[in-house]
Amino acid sequence: MSTLQTYGSLMLGSRLRRLSDQLYAGVDSSYLAAGVELSSRCFPLLLLLRDNGPTSITVLAAQIGQTHPVVVQLGRKLLDAGVVVEMFEPKDERRRLLALSEAGQGLLHTMEPLWIDVKAAIDVVLGGNTDAWIANLEKIEAHLQDKAFGDVIAACRRQRERAAVDIIDYEAQYAPDFKRLNIEWLERYFYVEALDDQVLSNPQASILDGGGQIFLARLEGRIVGTCSLIRASADSFELSKMAVTPACQGLGIARRLLLRALQAFEASSVKLLFLESNSKLLPAIQLYESTGFVHVARPEGEVHYQRADVYMEWRGHP
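Small disclaimer: the values here were computed from a predicted structure and weren't measured.

Draft legend 1. Summary view of the packing of helix α2 (residues 43–52) against helix α5 (residues 102–125). Packing of α2 against α5 brings their axes to within 11 Å, and their N-to-C directions diverge by 115°. For α2 against α5, the interelement crossing comes out left-handed. Taken together, the residues of α5 that come into contact with α2 (itself represented by Phe43, Leu46, Leu47 and Arg50) are Gln105, Leu107, Leu108, Met111, Glu112 and Trp115. Tallied by class, the residues present in the contact of α2 with α5 amount to seven nonpolar, one polar and two charged.

Listed below in structure tokens is the structure:
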């Protein structure tokens, strides 16, 4: 029969919640046995008010890591019990503060012996490793304060996807993907020109038959990126038709495609590799620069695409 323990770290939150409930229940029963009717959940506020003085609900919520409405409810219980009082902020009477009352001071004083027992019991439960547990807990809290757990999960997902991407050579079955990715990119940033449609509609004739190559990025069976080397002349290749689907950007796919194209160019006898781009595509231009492309004057002749206002040539790995 499966239990929460069966699922390991996946159920850590549920197990910690269950552990928290057990600790609260045990402390509450000890408080009741000592004649203290306040829930143990109220005492973090009382201790903070004792040590920090009058404090607003907003600050208290941040200090104990609870929502504002939860702390409002706890504050009402403490007010009703007479252990705190409400007062105005001296510099801003619109803000109300909670402060420990004389009754609250007395209550905390009487709780000291019981807290010695609670700490001793915690040390028993933790096998005498309380200091190590607390240190690890502080590390976890600091990590989650620096980056929300949802963001950590997203980063781990991206890392898994990055590792799962394959760079493969073009096959005829991927012709629709090659066109789809490039049309998607063009329509997002510019528009589809006549030359684009000609090349994308028949990559075999437009690229491969002329001695060019097409490379594809595949993730879990889906084609999510592409780039190509188009033979421009006997002595030159054009790096072109690079596109990565938006959902997969940030996985380093464009760089891997570019490096694969550079590897193919170096393995050829062709002397020149160039590209044409647009100055508004700053991340792409920075990628090209980081891999050895440099800005040079455009050679005489007709511009391939109306959108092109950047011309670069590859000078080797930086």
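Draft legend 2. Region of interest: the sheet that holds strand β9 (residues 293–295). Reading across the sheet, the seven strands line up as β4-β5-β6-β7-β8-β10-β9 and stay open at both edges, with mixed pairing between neighbours. The outermost strands of the open sheet, each flanked by one partner alone, are β4 (165–169) and β9. Taken over all neighbouring pairs, the strand axes of this sheet differ in orientation by 25° on average, direction set aside. Examined bridge by bridge, strand β6 (residues 222–233) and strand β7 (residues 236–244) share seven bridges and lie antiparallel to one another. Pairing of Ser228 across the sheet is with Ser240, part of β7.

Draft legend 3. Here's a closer look at unusual backbone geometry. Of note in the backbone geometry, Glu220 takes a positive phi value of approximately 50° without being a glycine. By the element assignment, Glu220 lies in the loop between β5 (213–219) and β6. With relative accessibility at 55%, the residue Glu220 sits in the exposed group. At Lys241, a residue that is not glycine, the phi angle is positive and equals roughly 55°.

Draft legend 4. Representation of helix α4 (residues 68–81) within the structure. Given a rise of 1.5 Å per residue, 14 residues ought to cover 20 Å, and the 20 Å separating the end C-alpha atoms of α4 matches this to within 8%. For α4, the complete set of buried residues consists of Val71, Leu74, Gly75 and Leu78. In an axial view of α4, the angular spread of the buried residues amounts to 105°, which keeps them on one side of the axis. With respect to the buried face of α4, the exposed residues turned more than 90 degrees away are Pro69, Arg76 and Asp80.

Draft legend 5. Just helix α11 (residues 253–267), in detail. With 15 residues, α11 extends 21 Å from end C-alpha to end C-alpha; this agrees with the ideal 21 Å at 1.5 Å per step. Those residues of α11 that fall on the buried side of the exposure criterion are Ile253, Leu257, Leu258, Ala261, Leu262, Ala264 and Phe265.

Draft legend 6. Quick look at the packing of helix α1 (residues 12–33) against α5. Packing of α1 against α5 brings their axes to within 11 Å, and their N-to-C directions diverge by 145°. As α1 runs across α5, the sense of the crossing is right-handed. Facing Val27, Ser30 and Tyr31 of α1, the residues of α5 in contact are Met111, Leu114, Trp115 and Val118. Broken down by class, the residue content of the contact of α1 with α5 amounts to six nonpolar, one polar and no charged.

Draft legend 7. Representation of the pairing of strand β8 (residues 272–277). The buried fraction of β8 amounts to five of the six residues, a majority that puts the element mostly inside the structure. Judged from the three bridges that link them, β7 and β8 form a sheet pairing that is parallel. What sits directly across from Phe237, in β8, is Leu273. Crossover connection from β7 via α11 to parallel β8: handedness right-handed.

Draft legend 8. View of the side chain of Thr55. Locating Thr55 in the fold gives a position in strand β1 (residues 55–56). Relative accessible area serves as the criterion here: at 7%, Thr55 is assigned to the buried category. At a separation of 2.7 Å, a polar atom in the side chain of Thr55 contacts the main-chain carbonyl oxygen of Gly53.

Draft legend 9. Molecular detail of the pattern of salt bridges. Counting across every chain of the model gives 13 salt bridges. When the shortest N-O distance is used, the salt bridge between Arg41 and Asp21 registers 3.6 Å. Taken together, the residues span a long stretch of sequence, with Arg41 in the loop between α1 and α2 and Asp21 in helix α1 at a distance of 20 residues. By relative accessible area, which is 37% here, Arg41 ends up partly exposed. Glu220 is the partner of Arg160 in a salt bridge, and the nearest nitrogen-oxygen pair spans 3.4 Å.

Draft legend 10. Expanded view of the packing of aromatic side chains. Scanning the model with the defined rule gives seven aromatic pairs in all. Where Phe237 meets Phe265, the ring centres are 6.5 Å apart and the plane angle is 75°; that geometry is what we call edge-to-face. With a gap of 28 residues between them, Phe237 in strand β7 and Phe265 in helix α11 connect regions that are remote in the sequence. Residue class for Phe237 comes out buried when judged on its relative accessible area of 2%. Given a relative accessible area of 7%, Phe265 falls into the buried group. These aromatic residues form a ring-pair network of at least three members: Tyr31, Phe43 and Trp115. Taking NZ or CZ as reference, Arg41 lies 3.8 Å from the ring centre of Tyr24, over its face.

Criteria and thresholds
- Residues numbered from 1 in each chain as written.
- Predicted model: local features only at pLDDT ≥ 70, side-chain atom pairs only at ≥ 80, totals over all residues.
- Heavy atoms only, no water.
- Axes fitted to C-alpha atoms, helices over the stretch in contact; angles between N-to-C directions.
- Helix = DSSP H or I, 4+ residues; strand = E, 2+ residues; numbered from the N terminus.
- Left-handed = near helix turned anticlockwise from the far one by under 90°.
- Contact = heavy atoms within 4.5 Å.
- Nonpolar A, V, L, I, M, F, W, Y, C, P; charged D, E, K, R; others polar.
- Pairing = 2+ DSSP bridges.
- Buried < 20%, exposed > 50% of the residue type's maximum accessible area, 1.4 Å probe, protein only.
- Expected span 1.5 Å × (residues − 1).
- Arc of directions from axis to C-beta.
- Right-handed = clockwise from strand over helix to strand, strands pointing away.
- Polar contact = N/O pair within 3.5 Å; in protein donor to acceptor, adjacent residues only side chain to side chain.
- Salt bridge = Lys/Arg side-chain N within 4 Å of Asp/Glu carboxyl O.
- Phe/Tyr/Trp six-rings, centres within 6.5 Å; stacked < 30°, edge-to-face > 60°.
- Lys NZ or Arg CZ within 6 Å of the ring centre and 35° of its normal.

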